[in-house]
Amino acid sequence: MTIPQEQATWFADTFRLLAENVEHAVLGKRHVIELVLAALLSEGHVLLEDVPGTGKTSLARALAQSVQGTNTRIQFTPDLLPGDITGITVYDQKTGVFEFHAGPVFANVVLADEINRASPKTQAALLEVMEEGKVTIDGVTRPVGVPFLVIATQNPVEQAGTYRLPEAQLDRFLMKTSLGYPDHAATMRILDGAAVPTSRLDPVITPQALVGMADLARDVYTNALVLDYIARLVDATRSAEQVRLGVSIRGALALTRATRTRAISQGRTYATPDDVKVLAVPVLSHRLILHPEAEFDGVTAEAVIGQILLDVTPPSQREDA
């Protein structure tokens with residue numbers, strides 16, 4: 001199905017307005033904001049590896065405010081139980097029936113703060129909701145709603161008392177990125193009070209319209225040359241000498257979805273190799289398992305993906321739809 005250029009232009013304009021609106025609250029982080037928006041419109045989730053105080057909560061709240069949605073924040077701790085996330089059924093003595101008390105996962109944007117501090121059982125409960133988009137308790141299935149985005153965070157510095165996310169669970173995040181500290185100019189603006197409180201942001205779009213945008217992104221034309229490029233990049237991760245386990249087919253599908261979203265966010269009805277290049281590191285790097293010797297030598301997954309992008313030749317021409 002070919003998308004009319006008018007719809008692609010509307011998508012790009014709306015995407016830009018959303019990014020600008022969020023940037024009023026999260027200054028100087030336009031690239032990360034666009035990545036998170038791309039994940040949301042690709043029906044995926046994001047893992048932010050950041051030190052405390054970089055604006056992760058503000059990002060989640062600003063995003064929810066911009067799409068007229070709801071947002072919740074879950075502070076993960078070792079004693080957090082799966083029911084604390086998904087909700088529980090409670091017996092009401094007055095009515096004599098069990099009532100469901102929804103957990104914080106029932107929101108459009110969920111910030112799972114320091115996800116690596118909770119037990120593996122609690123982590124798995126959240127990952128299951130992320131994958132299924134619904135919660136089943138006492139035999140009753142309840143959808144969490146759409147749109148649905150989980151922004152999970154973990155602190156890369158402090159590892160005491162944490163439970164590292166298994167590779168199979170990391171693979172379920174569409175992207176992994178980092179907000180990081182703002183640059184000097186953005187810091188000066190923040191100190192001067194230029195950042196707008198998230199509660200004062202005006203909505204840009206309704207949740208229903210956002211679902212329509214996600215449907216449009218799914219139909220972006222991706223020709224065989226671009227798909228072949230993605231497949232060759234993924235194959236290269238599996239044969240790289242520093243890598244013990246390369247990117248799975250889930251990772252290849254995630255890169256394809258994100259590539260389509262990025263293409264239409266630029267106002268195009270077709271994807272290009274440049275879209276793939278922009279997204280390869282945030283979409284693929286956290287899916288690699290490096291050899292211990294390579295990690296000891298200081299090799300990073302991001303560096304491996306960067307080298308693969310240099311080694312794998314992109315297609316030089318585009319097949320028109």
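Residues numbered from 1 in each chain as written. Predicted model: local features only at pLDDT ≥ 70, side-chain atom pairs only at ≥ 80, totals over all residues. Heavy atoms only, no water.

### A word on the overall build of the protein chain
Helix and strand counts for the protein chain stand at 13 helices and 11 strands. Relative to a compact globule of 321 residues, whose C-alpha radius of gyration would be 20 Å, the protein chain shows 20 Å and is just as compact. Projected onto its principal axes, the C-alpha positions of the protein chain cover 70 × 50 × 50 Å. Within the protein chain, contacts between residues separated by at least 24 positions form 78% of all contacts whose residues are at least 6 apart in sequence. In the structure as shown, the protein chain presents an accessible area of about 15400 Å², 53% of it carried by carbon and sulfur atoms. Computing the positive centroid from 28 side-chain charges and the negative centroid from 38, the protein chain places the two 2 Å apart. (Helix = DSSP H or I, 4+ residues; strand = E, 2+ residues; numbered from the N terminus. Rg over C-alpha atoms; globule rule 2.2 N^0.38 Å. Contact = heavy atoms within 4.5 Å. Areas by Shrake-Rupley, 256 points an atom, 1.4 Å probe, with all protein chains shown as cover. Lys, Arg positive; Asp, Glu negative; His and termini not counted. Charge placed at Lys NZ, Arg CZ, Asp CG, Glu CD.)

### Description of the packing of aromatic side chains
Under the counting rule described, the total for this entry stands at 3 aromatic pairs. Both rings, one in phenylalanine 11 and one in phenylalanine 15, keep their centres 6.4 Å apart while their planes meet at 15 degrees; by these two values the pair is stacked. With phenylalanine 11 and phenylalanine 15 both in helix H1 (residues 5–23) and 4 residues apart, the pair spans about one turn of that helix. Above the ring of phenylalanine 100, the side-chain terminus of arginine 142 is found at 3.9 Å from the ring centroid. Stacked on the ring of tyrosine 270, the Lys or Arg arginine 268 has its end atom at 5.8 Å from the ring centre. (Phe/Tyr/Trp six-rings, centres within 6.5 Å; stacked < 30°, edge-to-face > 60°. Lys NZ or Arg CZ within 6 Å of the ring centre and 35° of its normal.)

### Quick notes on the pattern of salt bridges
Within this structure, the stated rule accounts for 15 salt bridges. A salt bridge links glutamate 114 to arginine 117, with the nearest nitrogen and oxygen atoms 3.2 Å apart. The same class applies to glutamate 114 as to arginine 117, namely buried. The partner of aspartate 171 in a salt bridge is arginine 287, and the shortest N-O contact between them spans 2.6 Å. You can see aspartate 171 sitting in the loop between helix H6 (167–170) and strand E9 (175–177) and its partner arginine 287 sitting in the loop between helix H11 (273–284) and strand E11 (289–290), a full 116 residues away along the chain. Across the pair, arginine 287 and aspartate 171 agree in class, each one buried. Several salt bridges converge on common partners, so that one network encompasses Glu23, Arg30 and Glu34. (Salt bridge = Lys/Arg side-chain N within 4 Å of Asp/Glu carboxyl O. Buried < 20%, exposed > 50% of the residue type's maximum accessible area, 1.4 Å probe, protein only.)

### A short note on the side chain of lysine 29
Summarising the element assignment, lysine 29 is placed in the loop between H1 and helix H2 (30–41). Of the side chains bearing the opposite charge, aspartate 183 lies closest to the buried lysine 29, which forms no salt bridge; the N-O distance is 7.2 Å. Only 2.7 Å separates the side chain of lysine 29 from the backbone oxygen of leucine 179, close enough to count as a polar contact. (Polar contact = N/O pair within 3.5 Å; in protein donor to acceptor, adjacent residues only side chain to side chain.)

### Quick notes on the pairing of strand E4 (residues 97–102)
Where a strand is regular, its side chains alternate between the two sheet faces. Sheet topology note: the strand E3 (residues 87–92)/E4 ladder contains 6 bridges and is antiparallel. Pairing of valine 90 across the sheet is with glutamate 99, part of E4. The turn joining E3 and E4, which pair antiparallel and follow one another in sequence, is formed by 4 residues; a positive phi near 75 degrees is taken by glycine 96. (Pairing = 2+ DSSP bridges.)

### Digging into the environment of aspartate 235
Structurally, aspartate 235 can be placed in helix H9 (residues 224–239). Relative accessible area serves as the criterion here: at 42%, aspartate 235 is assigned to the partly exposed category. The spacing of aspartate 235 and valine 211 is 24 residues in sequence and 32 Å in space, taken between C-alpha atoms.

### A word on the sheet that holds strand E1 (residues 46–49)
Spatial ordering of the open sheet is given by E2-E5-E8-E1-E9, a layout of 5 strands whose pairing is parallel. The sheet is open, and its two edges are formed by strand E2 (71–75) and E9, each paired on a single side. Here the strands of the sheet are splayed against their neighbours by 20 degrees on average, with no regard to which way each runs. (Axes fitted to C-alpha atoms, helices over the stretch in contact; angles between N-to-C directions.)

### Focus: helix H3 (residues 56–66)
Residues separated by three or four positions in an α-helix point in the same direction, a consequence of the helix having 3.6 residues per turn. Taken as a whole, H3 has its buried residues at Lys56, Leu59, Ala60, Ala62, Leu63, Ala64 and Ser66. Close packing links the buried residues of H3 with H1, H2, E1, E2, strand E5 (109–113) and strand E8 (149–154). Glutamine 68 occupies a position one or two residues after H3 and carries a positive phi of about 55 degrees.

### Topic: the confidence of the model for the protein chain
Averaged over every residue, the pLDDT of the protein chain is 91; the share at 70 or more is 97%. Highest mean pLDDT in the protein chain belongs to helix H10 (residues 249–265) (97); lowest belongs to H6 (80). (pLDDT = per-residue confidence, 0-100.)

### Looking at unusual backbone geometry
In this structure, the amide linkage connecting valine 146 to the following residue, proline 147, adopts the cis form with an omega of -10 degrees. By the element assignment, proline 147 lies in the loop between strand E7 (140–143) and E8. At glutamate 43, a residue that is not glycine, the phi angle is positive and equals roughly 60 degrees. By the element assignment, glutamate 43 lies in the loop between H2 and E1. Here the phi dihedral of glutamate 114 falls at roughly 55 degrees; this positive angle occurs in a residue that is not glycine. Among the secondary structure elements, glutamate 114 is positioned in the loop between E5 and helix H5 (120–132).

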